[in-house]
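What follows is each chain in one-letter form.
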Amino acid sequence: MKVISACLVGCQCRYDGDDNLIREFQEMVERGEAVFVCPEQLGGLSTPRPPAEIVGGTGEDVLAGRAKVITDGGEDVTHQFLKGAEQALQMAQLVGAKEAILKERSPSCGSTLIYDGTFTAGKRAGDGVTSALLKRHGIDVYSEETYSKRKSNN
Ligand code: SF4
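Here's what I pulled together on the structure shown here. Just so you know, these numbers come straight off a predicted model, no measurement behind them. (Residues numbered from 1 in each chain as written. Predicted model: local features only at pLDDT ≥ 70, side-chain atom pairs only at ≥ 80, totals over all residues. Heavy atoms only, no water.)

Things to note about the packing of aromatic side chains
As enumerated under the stated definition, the model contains two aromatic pairs in all. Consider the rings of Phe 25 and Tyr 147, whose centres lie 6.0 Å apart with planes at 65 degrees: the pair is edge-to-face. Taken together, the residues span a long stretch of sequence, with Phe 25 in helix α1 (residues 23–30) and Tyr 147 in helix α6 (residues 144–153) at a distance of 122 residues. Neither Phe 25 nor Tyr 147 differs from the other in exposure class; each is buried. Ring centres 5.8 Å apart and planes at 75 degrees place the aromatic pair Tyr 142 and Tyr 147 in the edge-to-face group. With a relative accessible area of 5%, Tyr 147 lands in the buried category. Through a chain of ring-to-ring contacts, the aromatic side chains of Phe 25, Tyr 142 and Tyr 147 assemble into a single cluster. (Phe/Tyr/Trp six-rings, centres within 6.5 Å; stacked < 30°, edge-to-face > 60°. Helix = DSSP H or I, 4+ residues; strand = E, 2+ residues; numbered from the N terminus. Buried < 20%, exposed > 50% of the residue type's maximum accessible area, 1.4 Å probe, protein only.)

Some words on the site of the ligand
Looking at the ligand, there are 14 residues lining it, with Cys 7, Cys 13, Cys 38, Glu 40 and Cys 109 nearest. A class-by-class count of the residues in the shell around the ligand yields seven nonpolar, three polar and four charged. (Near = heavy atom within 4 Å. Nonpolar A, V, L, I, M, F, W, Y, C, P; charged D, E, K, R; others polar.)

So, the environment of Leu 134
Within the secondary structure, Leu 134 is located in helix α5 (residues 129–136). Classification of Leu 134 by relative accessible area gives buried; the value is 1%. Separated by 117 residues in sequence, Leu 134 and Gly 17 place their C-alpha atoms 25 Å apart. Not counting residues up to four positions away in its chain, the partners in contact with Leu 134 are Ala 88, Leu 89, Ala 92, Ala 100, Leu 102, Ile 139 and Val 141. (Contact = heavy atoms within 4.5 Å.)

Some thoughts on the nonpolar core
Membership of the largest hydrophobic core comes to 24 residues, with the highest contact counts inside it found for Ile 54, Val 69, Phe 81, Ala 100, Val 129 and Leu 134. At the level of elements, β3 (52–55), α4 (78–94), β5 (99–102) and α5 are the ones that each hand at least two residues to this core. With five residues, the top contributor of residues to this core is α4. Residues Ile 4, Leu 8, Ile 101 and Tyr 147 belong to the second largest nonpolar core, which totals nine residues. (Core = buried A, V, L, I, M, F, W, Y, C linked by side-chain atoms within 4.5 Å.)

What follows is the structure in structure tokens.
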């Protein structure tokens, strides 16, 4: 069983009310091979919502209390991001997920790259908050990009 970012299976849960549908991942849900989560909605944030970025580090740093998640308007939404990550982990554990496929570059779901906290479209290497928490608990996290590469290498 897998956990997949809800926006990748067609839920319009992105900050701007859109989705990132990839049909291959939607089909995994249809076949009962995966469940989907949107950590930011699970954390209590509305859709649409202001864009947010991790300021001062990565998802690991947020888990450790060394960095915060801030909206482009300056609101501290760290609490909601942490709550959403905990809820996503709970869902993953409930279904016995060993793998997750999460949306790259998101401050929650990114697993290789995230936005760098400057709101200028710059990126930094690292995990989002949910990816960091799932990895801490032994779940293999892929993005939509690294999962496809993994498959083509097999
Ligand atoms: Fe929700 Fe993650 Fe998709 Fe953002 S990237 S909309 S938090 S599922």
